[in-house]
Amino acid sequence: LDFNKSPAIFKPKISAAQPGEDWMVVRPLQRSDYDKGFMQLLSQLTSVGNITRKQFDDRFTKMKQSGGYYVTVIEDTRIAKLIGAATLTIEQKFIHNCSVRGRLEDVVVNDTYRGKQLGKLIVVTVSLLAQELGCYKMSLDCKDKLIKFYETLGYKLEPGNSNAMNMRF
Ligand code: 16G
């Protein structure tokens, strides 16, 4: 991934290949990440529940089989723990010449690792991956307080065209 291609206003000196510290690795999620605190990390974002290893494994398999899930993580290799994650999901479309749309989902960074620009690193990485995979756009939902953060990374509110609506079950 070429970090110079990112539409981000902020151009990180760091990149997926060189995350800035030699103990940090950016890579796809692996099965063994159940033991590296993936669920605990996600629970800093929202409710996760008690996911057993079997449940994790089955979901991992389904995601691999169906394709279109790019769960990306940052590991602190000194302690073998995940400290950041973000997911790109790919939606198949008929529109835009049978294009694909990316969605940025489940972005989370361990709050004890603040100030290392890990949020920017993971979001820029996953966004460039979307571009690389041919997505015509990448979309996300976020809390008001995070709008500025995503704006610095090249995301824009589209007035009249960007209202997130949910139906909760
Ligand atoms: C945020 C996340 C979304 C996640 C949701 C969980 C980003 C950019 N957005 O909207 O991906 O699924 O929170 O919240 O990370 P919920 O539990 O209220 O659905």
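An account of the accompanying structure is given in this report. No experiment lies behind these values; they were computed from the predicted model shown.

About the thresholds
- Residues numbered from 1 in each chain as written.
- Predicted model: local features only at pLDDT ≥ 70, side-chain atom pairs only at ≥ 80, totals over all residues.
- Heavy atoms only, no water.
- Helix = DSSP H or I, 4+ residues; strand = E, 2+ residues; numbered from the N terminus.
- Rg over C-alpha atoms; globule rule 2.2 N^0.38 Å.
- Buried < 20%, exposed > 50% of the residue type's maximum accessible area, 1.4 Å probe, protein only.
- Contact = heavy atoms within 4.5 Å.
- Areas by Shrake-Rupley, 256 points an atom, 1.4 Å probe, with all protein chains shown as cover.
- Lys, Arg positive; Asp, Glu negative; His and termini not counted.
- Charge placed at Lys NZ, Arg CZ, Asp CG, Glu CD.
- Pairing = 2+ DSSP bridges.
- Axes fitted to C-alpha atoms, helices over the stretch in contact; angles between N-to-C directions.
- Core = buried A, V, L, I, M, F, W, Y, C linked by side-chain atoms within 4.5 Å.

This part is about the overall build of the chain. Within the chain, the secondary structure is distributed over 5 helices and 5 strands. The secondary structure elements of the chain, listed N-terminal to C-terminal, are β-α-α-β-β-α-β-α-β-α. Against the 2.2 N^0.38 benchmark of 15 Å for 169 residues, the chain shows a C-alpha radius of gyration of 16 Å, consistent with a compact globule. With respect to the three principal axes, the spread of C-alpha positions in the chain is 45 × 40 × 30 Å. Residues classed as buried in the chain amount to 39% of the 169 residues present. Excluding contacts between residues fewer than 6 apart, the proportion of contacts in the chain whose partners are at least 24 apart in sequence is 64%. In the structure as shown, the chain presents an accessible area of about 11000 Å², 50% of it carried by carbon and sulfur atoms. Taking the 25 positively charged and 18 negatively charged side chains of the chain as two groups, their mean positions are separated by 2 Å.

Our next topic: the sheet that holds strand 4 (residues 100–109). Two orientations exist for strands paired in a sheet by backbone hydrogen bonds: parallel and antiparallel. The strand order across the open sheet formed by 5 strands is 1-2-3-4-5, and the pairing between neighbours is mixed. If you trace the sheet from one side to the other, it starts and ends with strand 1 (24–28) and strand 5 (135–139), each paired once. The sheet shows a mean angle of 20° between the axes of neighbouring strands, taken without regard to direction. When strand 3 (residues 81–92) meets strand 4, the two strands line up antiparallel, connected through 8 bridges. Along strand 4, the bridge assignment pairs Ala 85 with Val 108.

Note on soluble globular proteins: their nonpolar side chains tend to be buried together. In terms of nonpolar packing, the biggest core is built from 28 residues, with Ile 74, Leu 104 and Val 123 touching the most fellow members. Considering every element that reaches this core, the biggest residue donor is helix 4 (residues 118–132), with 9 residues. Each residue touching Val 123, except ones within four places of it in the same chain, is listed here: Leu 104, Val 107, Phe 149, Tyr 150, Leu 153 and Tyr 155. Grouped together as the second largest cluster of nonpolar side chains are 12 residues, Met 39, Leu 41, Leu 82 and Val 108 included.

So, to be careful, I would describe these as geometric facts and stop short of saying anything about function.
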